[in-house]
Structure formats: structure tokens, C-alpha cells
Amino acid sequence: MKFKSKEVSISDEELGCTISFSENEDNYEMEEDWSIDQIMAAIGQYISLQRTYPEDSDEKDYYSFESSEIKSTTELTDFKIDLYRTKFVLELNQEMYEIEIDIDDQTFANLKDAITKLVNGTGQLKFHF
């Protein structure tokens with residue numbers, strides 16, 4: 001999967017950390033009678049990475065990957081991330097996800113920090129500057 005991200009979303013809250021890259025911006029209003037195809041076209045291509053923090057101390061963090069290609073949704077294990085100033089590349093389950101990004105310096109710094117926190121030593125991570 002390869003696309004240009006128009007929106008990069010970073011969320012780090014009490015129960016988890018999520019990073020999403022979306023081909024379309026989230027500025028549309030869905031109609032009640034839209035079909036699945038219309039909804040998917042409005043959403044466009046996306047990927048989302050999530051680390052969920054456990055509620056109890058004896059549980060472990062859970063790492064997940066979701067994409068607009070529903071069949072590729074999976075637990076996030078055995079992966080490689082390369083972050084460049086203009087793109088994000090993820091290798092997971094013998095699939096390559098290359099996302100072109102055009103973000104300001106502060107958002108890039110936030111993305112770098114969030115990816116480090118999300119990966120948490122579970123996969124390979126490399127920054128290219």
C-alpha cells in the first residue's frame with residue numbers, strides 16, 4: 001500500500017497511544033443512507049498503529065495495526081519502521097506500507113516521539129535525517 005497522507009493524527013492518552021495516517025482529511029459529513037462503498041471512498045486509504053496500555057499491572061501492552069485494507073488488520077509484531085522527513089515506511093507480515101508525509105517541524109517531532117513510545121522496543125525502528 002502506498003499513498004500520500006493528508007492527515008497525521010497522534011493521540012497519547014491514559015489508555016493508549018495511536019498514530020494514524022489518512023489519505024483524506026476527516027472533514028466530510030456522512031449521510032445515513034450511504035453504502036459501504038461510499039463510506040470507504042470518503043475515508044480513503046489509511047493506516048493506524050496502536051499501543052493499548054493495560055488496566056491491571058499483571059497484563060501486558062497490546063499492539064495493533066489497522067488499515068483500510070480490512071484483511072491486513074492484525075497484531076503489531078515483528079515489524080520494521082523507517083521514518084524519513086517526507087515518508088513513513090512500515091514492513092509488516094511481508095507487506096510494505098509507504099506513506100508520503102508533508103508536515104511541519106513540530107508535528108514531525110511529535111510523530112517521532114509518538115512512534116518511539118508506540119514501538120516500545122517491540123519492533124525495529126530507524127530514523128533517517
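Keep in mind that what you see is a predicted model, and the values were worked out from it rather than measured. (Residues numbered from 1 in each chain as written. Predicted model: local features only at pLDDT ≥ 70, side-chain atom pairs only at ≥ 80, totals over all residues. Heavy atoms only, no water.)

Visitor: So what exactly am I meant to see when it comes to a negative patch on the surface here?
Guide: Taken together, the side chains of E14, E55, D56, D58 and E59 present a region of like negative charge at the surface. Locating D56 in the fold gives a position in the loop between strand 4 (46–52) and strand 5 (62–67). On the basis of relative accessibility, which here comes to 43%, the residue D56 falls in the partly exposed class. (Patch = residues over 30% accessible without salt bridge, like charges linked within 9 Å, V, L, I, M, F, W, Y side chains within 5 Å. Areas by Shrake-Rupley, 256 points an atom, 1.4 Å probe, with all protein chains shown as cover. Salt bridge = Lys/Arg side-chain N within 4 Å of Asp/Glu carboxyl O. Lys, Arg positive; Asp, Glu negative; His and termini not counted. Charge placed at Lys NZ, Arg CZ, Asp CG, Glu CD. Helix = DSSP H or I, 4+ residues; strand = E, 2+ residues; numbered from the N terminus. Buried < 20%, exposed > 50% of the residue type's maximum accessible area, 1.4 Å probe, protein only.)

Visitor: Would you explain the pairing of strand 5 in this entry?
Guide: Pairing of strand 4 with strand 5 involves six bridges; the strand directions are antiparallel. Note on strand 5: the bridge partner recorded for T52 is Y62. Taken together, the two bridges between strand 5 and strand 6 (residues 74–75) define a ladder with antiparallel strand orientation. Directly across from S64, in strand 6, lies its bridge partner E75. Hairpin remark: strand 5 followed by strand 6, antiparallel, with six residues in the connecting loop. (Pairing = 2+ DSSP bridges.)

These values are about where atoms sit, not about what they do.
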